[in-house]
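A look at the structure
The residues making up each chain are set out below.
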Amino acid sequence: MIEELQIRDLGVIEHANVELGTGLNALTGETGAGKTMALTSLLMLMGNKIDSAKVRVGAEAAVVEGTFVVGINSPAVDIVRNAGGDVDTDDNRAIIYISRHLPASGRTRAYVGGHSVPLAVLKELSEYLVTIHGQTDQLRLKSPKAQRDALDSFGGDEIAQLAAQYHDQWQKYHNLVTEREEFAVKVAQAGTERLALEALISRVDAVNPQEGEEDELKSRAMLLENIEDVRNALAEASEALGSEENGALKQLDRAANALGRIAANDPRVAQLVSVLHEVSAQASDISNEVGGQLSSLDADPAQLNSIHERRAQLKTLQRDLGMDIGEILSRRAAADERLAAIANPQETLDSLTAQVAQEKEKLKHAGAALSKCRVKYAHLLSKNVTKELAQLAMKDATFSVLVEASESPQSHGIDHIEFQLSPHRGSPLLPLGQTASGGEMSRVMLALEVVLASRISTTEHTFIFDEVDAGIGGKTALSIGERLAVLGKQCQVIAVTHLAQVAAYSSRHINVRKNVTQSGGDTKVSVLAETERVAELARMLSGHSESEAALAHAAELLSSAHVS
């Protein structure tokens, strides 16, 4: 419920403090006085995009602040706290403060519970705080989605649970259908891919490259190409190490024997002898290795040619495939895995098709349960709205909610929902958008809200009706005022109206009045006292607030509405 609105520098309103009450609050005023700006202030608090041109001329920014009262367990409380805002509590009530700053230039700012928040938070909050109905909403009521949402709302938790189950199953079914369709496309491409993979495997296997083979072949080729130089170097080294006359091994042994004769008397010399023996052993190993390499040298030209041919094969393979040997081997291994994966695509496609059929059957069952529940509540909604229309000067009208099977499952269910209306006795039931006039649409919408409010706990919610009584007058206007008052017994209602018959039923009458001055004038928003209400109703009835006849008529209207 909206407890208070403070408006500064918005349109023609310089400053206004509006205290709203429970029940029906009527907002009236002459054309151009600023009623639209009062409604715009609420749209700002709901997170709607507002043009900076709405800022009062000469002001830096328009500011709207609202105080909302909800139950302590309302989801709105969690939204505020999750956004970092503070909430005041009073017994079982929670007070939420929302403000919006709209600068003449620059970025708009929103605050909830004293904390800066994005506009998305205001939009989320508005779902639990305010519902606005206007002429455009009557057009939306003609849409299948709006009608389906109204029926589902009327069904409450029972439909909500079944709808959630259906939606979960729809997601599974839809995702599986998408997976199957994508795989079917891949199956068509699999033949071409298989040929390419087999060609790659055949080309690589024909050469059969090995990891590190290139480096080994290069080393062997260099060795064979310089074999004489290598042979001479090895022979010279072997002679230097193992010569019987002056070889290094011979000289090391001689040195060790000479020192060994005096080692018994000097530990330091004994240590030197030990080192000489170690060096001699290492030199002997080296001499043996050099001798082995020397004896294994092969100057066969055929071996060198074979190495050159092999290296040429590897280079040609790399050039043809545009990869090095490491990448070729990696692609070859991956090709085996990919071939195994697409070896039998039809089997995978058949499996996916079977799964789709299973999930579709589950979807049908979930849809049938949802549809059955919708049919049940459609009958009840039809009966209740028809009864309510009788109270709105449409006693011969029949309202009906048609639930019929759709051609194929949709994300919202397996049925098509259509609101139908027979405005007069004997006239056929036709789609609401084809048969209802503007005035009739207003009453159907009001009847729906009264019926929905009777089934759903909306005591903390605010319904705003923006001139939904346009094109209506006389007794019909009285009936609308009465039903708005009935709705106001269950929740807060704000009606922007130009009809005295509607305003007379309000428990609080708020007037928007423009005072013309030499500088242009300003707009005042105030709650009317009893005598002021009579004068305002007289103005609305006749255009003259001081006419005795109009005043008498206004007083009688208030009396008959039982609000005097």
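Residues numbered from 1 in each chain as written. Predicted model: local features only at pLDDT ≥ 70, side-chain atom pairs only at ≥ 80, totals over all residues. Heavy atoms only, no water.

In the nomenclature of an unreviewed UniProt entry, the protein corresponds to DNA repair protein RecN from the organism Arcanobacterium phocae. Check the Sequence similarities (unreviewed entry) section of the UniProt entry for the protein; it says "Belongs to the RecN family." Listed under Function (unreviewed entry) in UniProt, the entry text for the protein is "May be involved in recombinational repair of damaged DNA." (UniProt positions renumbered as here; feature names shortened; annotations may be inferred.)

This part takes up the packing of aromatic side chains. Per the stated rule, a full pass over the model turns up three aromatic pairs. Seen from their ring centres, Phe399 and Phe419 are 5.2 Å apart, and the 70° between their planes marks the pair as edge-to-face. One end of the pair, Phe399, is in strand β10 (residues 398–410); the other, Phe419, is in strand β11 (residues 413–422), with 20 residues separating them in the sequence. The two residues Phe399 and Phe419 agree in class, both being buried. (Phe/Tyr/Trp six-rings, centres within 6.5 Å; stacked < 30°, edge-to-face > 60°. Helix = DSSP H or I, 4+ residues; strand = E, 2+ residues; numbered from the N terminus. Buried < 20%, exposed > 50% of the residue type's maximum accessible area, 1.4 Å probe, protein only.)

Before going further, it helps to examine a negative patch on the surface. On the surface, a cluster of negative charge is made up of Glu211, Glu214, Asp215 and Asp324. By secondary structure assignment, the location of Asp215 is in helix α6 (residues 213–225). On the accessibility criterion, Asp215 (58% relative accessible area) is exposed. (Patch = residues over 30% accessible without salt bridge, like charges linked within 9 Å, V, L, I, M, F, W, Y side chains within 5 Å. Areas by Shrake-Rupley, 256 points an atom, 1.4 Å probe, with all protein chains shown as cover. Salt bridge = Lys/Arg side-chain N within 4 Å of Asp/Glu carboxyl O. Lys, Arg positive; Asp, Glu negative; His and termini not counted. Charge placed at Lys NZ, Arg CZ, Asp CG, Glu CD.)

Turning our attention to the sheet that holds strand β12 (residues 430–431). With respect to topology, three strands assemble into an open sheet ordered β10-β11-β12, the strand pairing being antiparallel. Strands with a single pairing partner mark the edges of an open sheet, and in this sheet they are β10 and β12. Alignment of β11 against β12, held across two bridges, turns out to be antiparallel. Looking across to β12, one finds that Gln420 is bridged to Pro431. Relative to the sheet, helix α5 (residues 144–207) contacts β10 and β11, its axis offset from that of β11 by approximately 170°. (Pairing = 2+ DSSP bridges. Contact = heavy atoms within 4.5 Å. Axes fitted to C-alpha atoms, helices over the stretch in contact; angles between N-to-C directions.)

Glancing now at unusual backbone geometry. Of note, the phi angle at Asp91 is positive, near 55°, even though the residue is not glycine. For Asp91, the location among the structural elements is in the loop between β5 (88–90) and β6 (93–103). By relative accessible area, Asp91 is classed as exposed at 72%. Positive phi is not limited to glycine here, since Ala393 has a value of about 60°. Along the chain, Ala393 turns up in the loop between α12 (345–390) and β10. In this structure Ala393 comes out as partly exposed when scored by relative accessible area, which is 44%.

Spatially, six strands are ordered β9-β13-β14-β3-β15-β16 in an open sheet, and the strand pairing comes out mixed. With one partner strand each, in any of the chains shown, β9 (130–133) and β16 (522–527) form the two edges of the open sheet. Strand-to-strand, the axes of this sheet are offset by a mean angle of 15°, without reference to chain direction. Of the pairings in the sheet, the one linking strand β15 (residues 508–515) to β16 comprises six bridges and is antiparallel in character. Paired with Ile510 across the bridge in β16 is Val527.

Next up on the list: the environment of Ala393. As a C-alpha pair, Ala393 and Ser74 span 319 residues in sequence and 36 Å in three-dimensional space. For Ala393, the contacting residues outside a window of four places in its chain are Arg443, Thr476 and Ser479.

Quick look at the nonpolar core now. One finds Leu381, Leu389, Val401, Phe419 and Leu484 to be the most contacted residues of the largest nonpolar core, which totals 72 residues. Broken down by element, this core gets its largest block of residues, eleven residues, from α12. Setting aside its immediate chain neighbours within four residues, Leu389 contacts Met394, Lys395, Ala397, Phe399, Leu421, Arg443, Val444 and Ala447. (Core = buried A, V, L, I, M, F, W, Y, C linked by side-chain atoms within 4.5 Å.)

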